[in-house]
Amino acid sequence: MANVRPTTCLGACEQANAIVIQPFTEGRKAGGRPVWLGLVNDVEASRGITAWVEADGPGLAEAPDILGL
């Protein structure tokens, strides 16, 4: 489960689409921190990010390889 909050700009408008993924309480307890992603304009990257969030995201699930690009 995740909250999605659309916004016009996160202060890095030149890197649109920008996304911030905040870990759930359990993820923060496990050392997860918010992750800022910029230039997310690729369908495969979006799918990888979605799968990561569905797997509980930062702190609890390993980030997808596509984010290493």
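What counts, and where the lines are drawn
- Residues numbered from 1 in each chain as written.
- Predicted model: local features only at pLDDT ≥ 70, side-chain atom pairs only at ≥ 80, totals over all residues.
- Heavy atoms only, no water.
- Helix = DSSP H or I, 4+ residues; strand = E, 2+ residues; numbered from the N terminus.
- Contact = heavy atoms within 4.5 Å.
- Core = buried A, V, L, I, M, F, W, Y, C linked by side-chain atoms within 4.5 Å.
- Buried < 20%, exposed > 50% of the residue type's maximum accessible area, 1.4 Å probe, protein only.
- Expected span 1.5 Å × (residues − 1).
- Arc of directions from axis to C-beta.
- Polar contact = N/O pair within 3.5 Å; in protein donor to acceptor, adjacent residues only side chain to side chain.

On to the environment of V20, then. Looking at where V20 falls in the secondary structure, it is placed in strand 1 (residues 19-21). If we ignore the near neighbours within four places in the chain, the residues touching V20 are L10, P34, V35 and W36.

Attention shifts here to the nonpolar core. Residues I21, L37, V40, A45, I49, W52 and V53 constitute the largest nonpolar core, which totals seven residues. The dominant element in this core, judged by the number of residues it contributes, is helix 2 (residues 43-54), at four residues. Setting aside residues up to four positions removed in sequence, I21 forms contacts with R33, P34, V35, L37, I49, W52, V53 and P58.

Within the secondary structure, G32 sits in the loop between helix 1 (25-29) and strand 2 (35-37). On the basis of relative accessible area, G32 is assigned to the buried category, the value being 5%. Along the chain, G32 and E54 lie 22 residues apart, while their C-alpha atoms are 15 Å from each other. What G32 contacts, discounting residues up to four positions off in sequence, is P23, G27, P58 and G59.

Our next topic: helix 2. Given a rise of 1.5 Å per residue, 12 residues ought to cover 16 Å, and the 16 Å separating the end C-alpha atoms of helix 2 matches this to within 8%. Every buried residue of helix 2 is listed here: A45, G48, I49, W52 and V53. The arc that holds every buried residue of helix 2, seen down its axis, measures 135°, which confines them to one face. Counted as exposed and oriented over 90 degrees from the buried face of helix 2: V43, R47 and E54. Packed against the buried residues of helix 2 are strand 1 and strand 2. Sitting at the head of helix 2, D42 places a side-chain oxygen 2.9 Å from the backbone nitrogen of E44.

Everything listed here is a matter of geometry and, on its own, says nothing about what the molecule does.
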